[in-house]
Amino acid sequence: MKTIVIGYDGSDAAERALGRAADIAQVFSARLVVVSVSGLATVAAPVSAFEPTAEPVPPAVAGPVAPGGTVPLPEPVSAQEPEELARRQLERARMSLASRKVETEYLVELGDPAERLLEVAEQRDADLIVVGSRERGFLERLLGRSVDEAVVRRAERDVLLVH
């Protein structure tokens, strides 16, 4: 075993998975790749008044008009916000692993967590993917699969679920 990829989101389940992955990496002298994935911020594309659109565009801001007849536009959501969140999560992982003697790489990825973990595992030719698993509530089960289920279902390499 040479490379272990772990998905890390700062949750208790992710902390347990990180500890288990570090234990395995130490035993096998494997490299640990800690991946924090954050979803992309959605920013509405500007619509020109001269271009026809398929759907009506709702007003940007509801409420009274500011003096002078102008309406302030909302600030666009920065694409760096999700990336910054992932960086903070990786800093927590770095602190958790500070006392371990494990070669570690930290990656920030944006997009679907399961897809990004699987892609990183493929790129790094990982021998093992480690993800934390937790009990999901009724609503979470009703709305769809979790990241750990999606990774297990789609992975073409070994996956360790840590409870």
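For the structure, check the block above.
Residues numbered from 1 in each chain as written. Predicted model: local features only at pLDDT ≥ 70, side-chain atom pairs only at ≥ 80, totals over all residues. Heavy atoms only, no water.

**Concerning the pattern of salt bridges**
(1) Moving on: All told, the structure shown has nine salt bridges when counted by the stated rule.
(2) Moving on: Residue Glu 15 pairs with Arg 92 through a salt bridge whose shortest N-O separation is 4.0 Å. Of the two residues, Glu 15 sits in helix H1 (residues 12-28) while Arg 92 sits in helix H2 (residues 80-96), which places them 77 residues apart along the sequence.
(3) Moving on: With a relative accessible area of 22%, Glu 15 lands in the partly exposed category.
(4) Moving on: Note that Asp 23 is salt-bridged to Arg 100, the shortest N-O span being 2.5 Å. Note that Asp 23 is positioned in helix H1 and Arg 100 in the loop between H2 and strand E3 (104-110), a separation of 77 residues in sequence.
(5) Moving on: Asp 23 gets classed as partly exposed once you look at its relative accessible area, which sits at 35%.
(6) Moving on: What makes Arg 100 partly exposed here is its relative accessible area of 25%.
(7) Moving on: Here the residues in one salt-bridge network are Arg 31, Glu 105 and Arg 124, joined through shared partners. (Salt bridge = Lys/Arg side-chain N within 4 Å of Asp/Glu carboxyl O. Helix = DSSP H or I, 4+ residues; strand = E, 2+ residues; numbered from the N terminus. Buried < 20%, exposed > 50% of the residue type's maximum accessible area, 1.4 Å probe, protein only.)

**A short note on the environment of Pro 82**
(1) Moving on: Within the element layout of this structure, Pro 82 appears in helix H2.
(2) Moving on: For Pro 82, a relative accessible area of 11% translates into the label buried.
(3) Moving on: Spatially, the C-alpha atom of Pro 82 lies 5.4 Å from that of Ser 38, the residues being 44 residues apart in sequence.

**Section: the nonpolar core**
(1) Moving on: Ile 4, Ile 6, Leu 18, Leu 32, Val 34 and Val 130 are the most contacted members of the largest nonpolar core, which has 20 residues in total.
(2) Moving on: Of all the secondary-structure elements, those providing two or more residues to this core are strand E1 (3-7), H1, strand E2 (31-38), H2 and strand E4 (128-132).
(3) Moving on: In this structure Ile 4 touches Ala 21, Ile 24, Ala 25, Ala 30, Arg 31, Leu 32, Val 33, Leu 128 and Val 130, once residues within four positions along its chain are discounted.
(4) Moving on: Counting residues in each nonpolar core, the second largest holds 16 residues, with Val 5, Val 35, Ile 129 and Val 151 among its members. (Core = buried A, V, L, I, M, F, W, Y, C linked by side-chain atoms within 4.5 Å. Contact = heavy atoms within 4.5 Å.)

Just geometry here; none of it tells us what the structure is for.
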